[in-house]
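Residues per chain are reported as follows:
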Amino acid sequence: MKKTLCILTFLISLSSIAQNFDAGFVGGLTMSQISGDGLAGFDKPGARIGAYISYPIYRKPMNFEVGMQYLQKGSRAPSGNNEFSTYSMDMHYLEIPFTLNYGFKNGLIIESGFGPGILVSYTEEINGLESYANTPNTFALDFLCGIQYQFLNHLKFNLRYGNSLIAIRKEDVKNSLEKNKDWYSSMVSFALMYQISR
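Thresholds applied
- Residues numbered from 1 in each chain as written.
- Predicted model: local features only at pLDDT ≥ 70, side-chain atom pairs only at ≥ 80, totals over all residues.
- Heavy atoms only, no water.
- Salt bridge = Lys/Arg side-chain N within 4 Å of Asp/Glu carboxyl O.
- Helix = DSSP H or I, 4+ residues; strand = E, 2+ residues; numbered from the N terminus.
- Buried < 20%, exposed > 50% of the residue type's maximum accessible area, 1.4 Å probe, protein only.
- pLDDT = per-residue confidence, 0-100.
- Contact = heavy atoms within 4.5 Å.
- Core = buried A, V, L, I, M, F, W, Y, C linked by side-chain atoms within 4.5 Å.
- 1 Å grid on protein atoms, 1.4 Å probe; cavity = no way out; pocket = protein on both sides within 12 Å on 5 of 7 lines; lining within 4 Å.
- Points joined across faces, edges and corners; volume = space filled by probe spheres on them.
- Nonpolar A, V, L, I, M, F, W, Y, C, P; charged D, E, K, R; others polar.

Now for the pattern of salt bridges. Under the criterion given, the structure shown has four salt bridges. For Arg-160, the salt bridge is made with Glu-111, and the minimal N-O distance between the two is 2.9 Å. With a gap of 49 residues between them, Arg-160 in strand β9 (residues 155-164) and Glu-111 in strand β6 (residues 108-126) connect regions that are remote in the sequence. The pair formed by Arg-160 and Glu-111 is uniform in burial state, with each residue classed as buried. Two residues, Glu-124 and Arg-169, come together in a salt bridge whose shortest N-O distance is 3.0 Å. Here the residue Glu-124 occupies a position in strand β6, and Arg-169 occupies one in strand β10 (residues 169-170), the gap between them amounting to 45 residues.

In structure tokens:
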């Protein structure tokens, strides 16, 4: 935990080193699902909390953005599902997303990039009992795309979609409808970005 706080502090302090850097905090909600677990739908809510810095690379409209964030992903059996009485998988990641952003004059920004991450912890429950039959991979890599909209001087709304490029794990346990199929995660996040320097 102390290492994470040190890294976040380092990211924010970079903005004081060079005036061209923008820096800020991000926080919001995630909705995720896992392809391969026999379920469907973005039914698993989670959190997205972190910090970011960005630097203009081509006459201001374009900038490179990198962050450090805590991210929750996973899967949950929707209410009324007949396959499981209860099922939940919670995965907690430390992610370093980096994107290339292009801004328009109306405050709209489009973003695209990648999000490498490290699995910090996870829990999986089937019918109220914890399962450790198959541990997810420690390393994750997501493709990211989304939009940002600056509606106040220091405040932006961010809608982001992420989909794993490498499998989060190889599934061969009973809760999979398709045996020995790789699992991939996908996520939609809704967040606010507060810019502390400009």
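So that's the structure; there's more coming.
For the chain, per-residue confidence averages 83 on the pLDDT scale, and residues scoring 70 or more make up 78% of the total. Confidence scores differ between elements of the chain, with helix α1 (residues 2-17) showing the lowest mean pLDDT of 56 and β9 the highest of 96. Across residues 14-18, where pLDDT falls below 50, the model places five contacts with residues more than four positions away in sequence or in other chains.

Across soluble globular proteins, you tend to see nonpolar side chains buried next to one another. If you look at the biggest cluster of nonpolar residues, it comprises 14 residues, and the most contacted ones within it are Ile-34, Tyr-87, Met-89, Met-91, Tyr-93, Ile-168 and Trp-183. Elements represented by at least two residues in this core include exactly β4 (87-95), β6 and β11 (182-197). Of the residues forming this core, the biggest block, four residues, is contributed by β4. Apart from the residues lying within four places of it in its own chain, the contact partners of Ile-168 are Ile-34, Met-91, Tyr-93, Pro-136, Asn-137, Trp-183, Tyr-184 and Ser-185.

Another point: empty space enclosed by the protein. Tallying each qualifying case throughout the model produces two cavities of 30 Å³ or more. Looking at the largest cavity, its volume works out to about 80 Å³. Around the largest cavity, the lining comprises 14 residues; the ones closest to its centre are Arg-48, Tyr-52, Glu-65, Pro-97 and Arg-160. Its residues assigned to classes, the lining of the largest cavity comprises eight nonpolar, three polar and three charged. There is about 30 Å³ of room inside the second largest cavity. Along the walls of the second largest cavity sit ten residues, with Gln-33, Leu-39, Ala-40, Gly-41 and Ser-75 positioned nearest its centre. Those elements giving two or more residues to the lining of the second largest cavity turn out to be β1 (22-35) and β3 (62-76).

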